[in-house]
Amino acid sequence: MLVARLADLRPPHPRGPAGRMQALLAPVVFGLTLIWFWEVVVRALGVPRVILPPPSAIGARIAASTDVLWVDFVQTFVKGALSGFAIGVGAALLFALVVDRYIFLRRGLLPVGNFLAALPIIGTAPIMVMWFGFDWPSKAAVVVAMVFFPMLVNTVQGLAATDAMQRDQMRTWSASWAQALIALRLPAAMPFIFNGLKISATLALIGAIVAEFFGSPTRGLGFRISTEVGRLQLDMVWAEIAVAALVGSAFYGLWALLERRVTFWHPSQRGR
């Protein structure tokens, strides 16, 4: 009831600092309620810690293992996920421009890309580890394979989002392909591009973590999860999961915030 009341509140200035803080109040209270309920149920029912530790134990493990969690964060996110994300997204944007310029490439290569995107990560990750070694380059290669096609498809669809009248107007002004791209088609494609960036942001961290299950140095979120599960240290496993969830949410939120600033003119952003 409290969360429902907070969600129904309408601040006088929703775009001001107070309105933005009030918009975060309902999800924060709801999240804290879930954590409290988790703690109460686990302790009341006497659930063993090897099955589900309480949030207090997970928080204590996080506070006691900040050095290990930091090393794992750098190895998985900064080196593996972030580098693979940058390479995959950059390559997809460049390839989308080439595909948009030459129609025969769109008809010939997009189906091949769709086939490659359908390959399961549990099959491609061991191959990447064999090709690029056990360190972060193999994890970045898996991330590139995961984010390339979603980013490519969204960008190609975005570049085709303008209607015929707008394209005819650019031809009337004798605009070249590059001029039409910069002045009309690329701005119109921004909602699609940011949609691909948000999808890729979540896939990047997932791909890097899963790839570490098939071989990695003695550090990394995926490596720590797999080893601590074997040791029945479930509090450490949940600590690694919490770090991954926070980092993934923050990375997604960064692109969502940039989307609101760049595509403020789009109808999907006007009511926010």
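Details of the structure are given in the entry above.
A brief structural summary. (Residues numbered from 1 in each chain as written. Predicted model: local features only at pLDDT ≥ 70, side-chain atom pairs only at ≥ 80, totals over all residues. Heavy atoms only, no water.)

**What about the packing of aromatic side chains?**
Overall, the coordinates contain eight aromatic pairs when judged by the stated rule. Taking the centre distance of 5.3 Å and the plane angle of 40° together, the rings of Trp 70 and Phe 73 count as tilted. Placement of both Trp 70 and Phe 73 in helix H4 (residues 66–101) is noted, with a separation of three residues, approximately one turn of the helix. Ring centres 5.6 Å apart and planes at 15° place the aromatic pair Phe 73 and Phe 77 in the stacked group. (Phe/Tyr/Trp six-rings, centres within 6.5 Å; stacked < 30°, edge-to-face > 60°. Helix = DSSP H or I, 4+ residues; strand = E, 2+ residues; numbered from the N terminus.)

**A closer look at a nonpolar patch on the surface**
Judged by side-chain polarity, Leu 24, Val 28, Leu 32 and Ile 35 come together as a nonpolar surface patch covering roughly 370 Å² of accessible area. As for its placement among the helices and strands, Leu 24 is situated in helix H2 (residues 17–45). (Patch = residues over 30% accessible without salt bridge, like charges linked within 9 Å, V, L, I, M, F, W, Y side chains within 5 Å. Areas by Shrake-Rupley, 256 points an atom, 1.4 Å probe, with all protein chains shown as cover. Salt bridge = Lys/Arg side-chain N within 4 Å of Asp/Glu carboxyl O.)

**Regarding helix H6 (residues 121–132)**
In a regular helix each residue adds 1.5 Å, so twelve residues correspond to 16 Å; H6 covers 16 Å between its end C-alpha atoms and thus fits that length. Within H6 the residues assigned to the buried category are Ala 125, Met 128 and Val 129. Down the axis of H6, the buried side of the element spans an arc of 100°, and every buried residue falls inside it. Facing away from the buried side of H6 by over 90 degrees, the exposed positions are Met 130 and Trp 131. (Expected span 1.5 Å × (residues − 1). Buried < 20%, exposed > 50% of the residue type's maximum accessible area, 1.4 Å probe, protein only. Arc of directions from axis to C-beta.)

**Points about unusual backbone geometry**
For Leu 232, which is not a glycine, the phi torsion comes out positive at approximately 60°. Examined against the element boundaries, Leu 232 turns out to sit in the loop between helix H10 (221–230) and helix H11 (234–262). What makes Leu 232 exposed here is its relative accessible area of 53%.

**Thoughts on the packing of H4 against H11**
Two elements in contact, H4 and H11, have axes separated by 11 Å at closest approach and are oriented at 40°. One finds that H4 runs oblique with respect to H11. Remark: the crossing between H4 and H11 carries right-handed chirality. Across from Val 68, Leu 69, Asp 72, Phe 73, Phe 77, Leu 82 and Phe 85 in H4, the residues of H11 making contact are Met 236, Ala 239, Glu 240, Val 243, Val 247, Phe 251 and Trp 255. Classifying every residue of the contact of H4 with H11 by side-chain character gives twelve nonpolar, no polar and two charged. (Axes fitted to C-alpha atoms, helices over the stretch in contact; angles between N-to-C directions. Parallel < 35°, antiparallel > 145°, perpendicular 65-115°, else oblique. Left-handed = near helix turned anticlockwise from the far one by under 90°. Contact = heavy atoms within 4.5 Å. Nonpolar A, V, L, I, M, F, W, Y, C, P; charged D, E, K, R; others polar.)

**Comments concerning the nonpolar core**
In this structure, Phe 77, Phe 85, Leu 152, Leu 197 and Trp 255 are the most contacted members of the largest nonpolar core, which totals 35 residues. Elements with a contribution of two residues or more to this core: H4, helix H5 (103–117), helix H7 (136–159), helix H9 (177–212) and H11. If near-sequence neighbours (up to four positions away) are discounted, Phe 85 is found in contact with Val 143, Leu 197, Ser 200, Ala 201, Ala 204, Phe 251 and Trp 255. Counting residues in hydrophobic clusters, the runner-up holds five residues, among them Ala 125, Met 128, Ala 141 and Ala 211. (Core = buried A, V, L, I, M, F, W, Y, C linked by side-chain atoms within 4.5 Å.)

**Overview of the packing of helix H3 (residues 55–64) against H4**
The N-to-C vectors of H3 and H4 enclose an angle of 80°; their axes lie 5 Å apart at closest approach. Between H3 and H4, the interaxial angle falls into the category roughly perpendicular. Of the residues in H4, those in contact with Ile 62, Ala 63 and Ala 64 of H3 are Thr 66, Asp 67 and Leu 69. Taken together, the residues of the contact of H3 with H4 break down into four nonpolar, one polar and one charged.

**Observations regarding the pattern of salt bridges**
Pairing between side chains becomes possible if they bear opposite charge and their charged atoms approach one another. With the rule as written, the count across this model stands at five salt bridges. Residues Glu 39 and Arg 43 are paired through a salt bridge, measuring 2.4 Å at the closest nitrogen-oxygen approach. Taken as a pair, Glu 39 and Arg 43 lie in helix H2 at a separation of four residues, close to a single helical turn. We classify Glu 39 as buried; its relative accessible area is 17%. Ionic pairing is found between Arg 224 and Asp 72, a salt bridge with its closest N-O pair at 2.9 Å. Pair noted here: Arg 224 is in helix H10 and Asp 72 is in helix H4, with a separation of 152 residues, a long-range link. A single burial state applies to Arg 224 and to Asp 72, both of which are buried.

**Looking at the side chain of Asn 154**
Structurally, the position occupied by Asn 154 is in helix H7. For Asn 154, a relative accessible area of 9% corresponds to the buried category. Looking at Asn 154, its side chain comes within polar contact range of the main-chain oxygen of Pro 150, at 2.7 Å. (Polar contact = N/O pair within 3.5 Å; in protein donor to acceptor, adjacent residues only side chain to side chain.)

**Regarding the side chain of Thr 76**
In this fold, Thr 76 is placed in helix H4. Reaching out from Thr 76, the side chain makes a polar contact with the backbone nitrogen of Leu 221 at a distance of 2.7 Å. Those residues in contact with Thr 76 that sit more than four places away from it in its chain are Ala 81, Leu 205, Ala 208, Ile 209, Glu 212, Gly 220, Leu 221 and Gly 222.

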